[in-house]
Amino acid sequence: MAVIDVRGDAERVFNALKDGGIAIFPNDVGYALMGGSEDAVKRINSAKGRGGHKRNAFLCGLDTQRELHVLDTRSREMIEAITSDYDLPLGAVAPFDPGHPMLRNVPSGLLATSTAHGTLAMLLNAGPLFREICRLSRDNLHPIFGSSANLTGTGPKFRVDDIQPEIQEIADITVDYGIRKYHTYKRSATIIRFPELEVVRIGSCYELVADVLRRHFKVELPEDPGTNANPSGHLQEFALPDLSAR
């Protein structure tokens, strides 16, 4: 007998998001705080204390990512190898197709705060509940945006009890699946920008992702200097950073 109802929980989360609400739910690299409308995402950013340079992540499955990101064959093969062949989570940043049906009706303000210089960030392959919510989002053509369930700069939260009250209070629904799969890393997902292969954030499973790229694609990613050598904000916010200063 199953002790969790992934399909039922996903439907409850998606219905709240579709109605314009805010949801806290688990993925393999921590708890997420997602919104189903422009107003919901604004309330998320306000509660988190996020600066205007931060960008939201777009929630989607691998099928939508393949269609939305505009990439060369080699980049696509790298993402497939990491997320499908090796079953690892990954934050992928890449150019995107704004005409895709999933984005066609996104308000311009929400799209502006979720993209930078023609690129869009997506968290991929982050667990069964995440995958089911992505499916419902795609089936209903209802996009979902957000970030980690935390106050900005305080790091990802791997238990609901560790999420600050200010964040818990704005959620219309919270799904608690206990401690998350990759909690030992104490980091959110690793983020890589394609096709440049620029490491935006060293995060969970970084050494595994680097090993996949090294062995199969002859790509050498930078060494992980460890959590003590990196600013916490850089490693702990799943968001596309402002690229204007680059």
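An account of the accompanying structure is given in this report. (Residues numbered from 1 in each chain as written. Predicted model: local features only at pLDDT ≥ 70, side-chain atom pairs only at ≥ 80, totals over all residues. Heavy atoms only, no water.)

**Overview of the environment of Gly203**
Worth spelling out the cut-off: Helix and strand labels come from DSSP, where a helix needs a run of H or I of at least four residues and a strand needs a run of E of at least two; each type is numbered from the N terminus. Throughout, exposure labels follow a simple rule: accessible area from a 1.4 Å probe, protein chains only, divided by the maximum for the residue type, with under 20% read as buried, over 50% as exposed, and the rest as partly exposed. Between two residues, a contact is recorded if the distance between any of their heavy atoms is within 4.5 Å.
Along the chain, the position of Gly203 falls in the loop between strand S10 (198-201) and helix H8 (206-217). Residue classification places Gly203 among the buried residues on the basis of a relative accessible area of 0%. Sequence separation of Gly203 and Asp224 is 21 residues, and the distance between their C-alpha atoms is 9.2 Å. The residues touching Gly203, leaving out its near neighbours within four places in the chain, are Tyr185, Arg187, Ser188, Ala189 and Thr190.

**As for the packing of helix H4 (residues 73-85) against H8**
Threshold: Axis definition: a line fitted to C-alpha atoms, over the contacting stretch in the case of helices. Angles run 0 to 180 degrees between N-to-C directions. Note that the term roughly parallel is reserved for angles under 35 degrees, roughly antiparallel for angles over 145, roughly perpendicular for angles of 65 to 115, and oblique for everything else. By definition, turning the near helix anticlockwise from the far helix through less than a right angle yields a left-handed crossing, and turning it clockwise yields a right-handed one. In this classification, Asp, Glu, Lys and Arg are treated as charged, Ala, Val, Leu, Ile, Met, Phe, Trp, Tyr, Cys and Pro as nonpolar, and every other residue, Gly included, as polar.
Put simply, H4 and H8 touch, their axes get as near as 10 Å, and they point 130° apart. Our classification of the angle between H4 and H8 gives oblique. For the pair H4 and H8, the crossing hand works out as right-handed. Where H4 approaches H8, its residues Arg74, Glu77, Met78, Ala81 and Ile82 are matched on the opposing element by Val209, Val212, Leu213 and Phe217. For the contact of H4 with H8, the residue count by class is seven nonpolar, no polar and two charged.

**Examining the packing of aromatic side chains**
Counted only if it meets this: Classification of ring pairs rests on two measures: the distance between centres of Phe, Tyr or Trp rings, Trp counted by its six-membered ring, which must be within 6.5 Å, and the angle between planes, read as stacked under 30 degrees, edge-to-face over 60 and tilted in between. Throughout this description, the term charge over a ring refers to an Arg CZ or Lys NZ atom that lies within 6 Å of the ring centre and within 35 degrees of the ring normal.
By the definition in use, this model includes two aromatic pairs. Here the aromatic rings of Phe58 and Phe145 are separated by 5.2 Å at their centres, their planes lie at 50°, and the arrangement is tilted. Residue Phe58 is found in strand S3 (residues 57-59), and its partner Phe145 is found in strand S7 (residues 145-148); the two are separated by 87 residues along the sequence. The exposure class assigned to Phe58 is buried, which follows from its relative accessible area of 0%. Centroid distance Tyr182 to Tyr185: 6.2 Å. Interplanar angle 65°. Geometry classified as edge-to-face. Of the residues examined, Tyr182 reaches a relative accessible area of 13% and is grouped as buried. Positioned above the aromatic ring of Tyr31 is the side chain of Arg180, whose terminal nitrogen or guanidinium carbon lies 5.9 Å from the ring centre.

**Let's talk about unusual backbone geometry**
For the peptide bond that leads from Phe194 to Pro195, omega is 5°, which places it in the cis range. Here Pro195 lies in the loop between strand S9 (191-193) and S10. Phi is positive for Leu141, close to 50°, though the residue is something other than glycine. Mapped onto the elements of the fold, Leu141 is located in the loop between helix H6 (128-139) and S7. With a phi close to 60°, Lys218 is a non-glycine residue in the positive phi region. Topologically, Lys218 is positioned in the loop between H8 and helix H9 (232-236).

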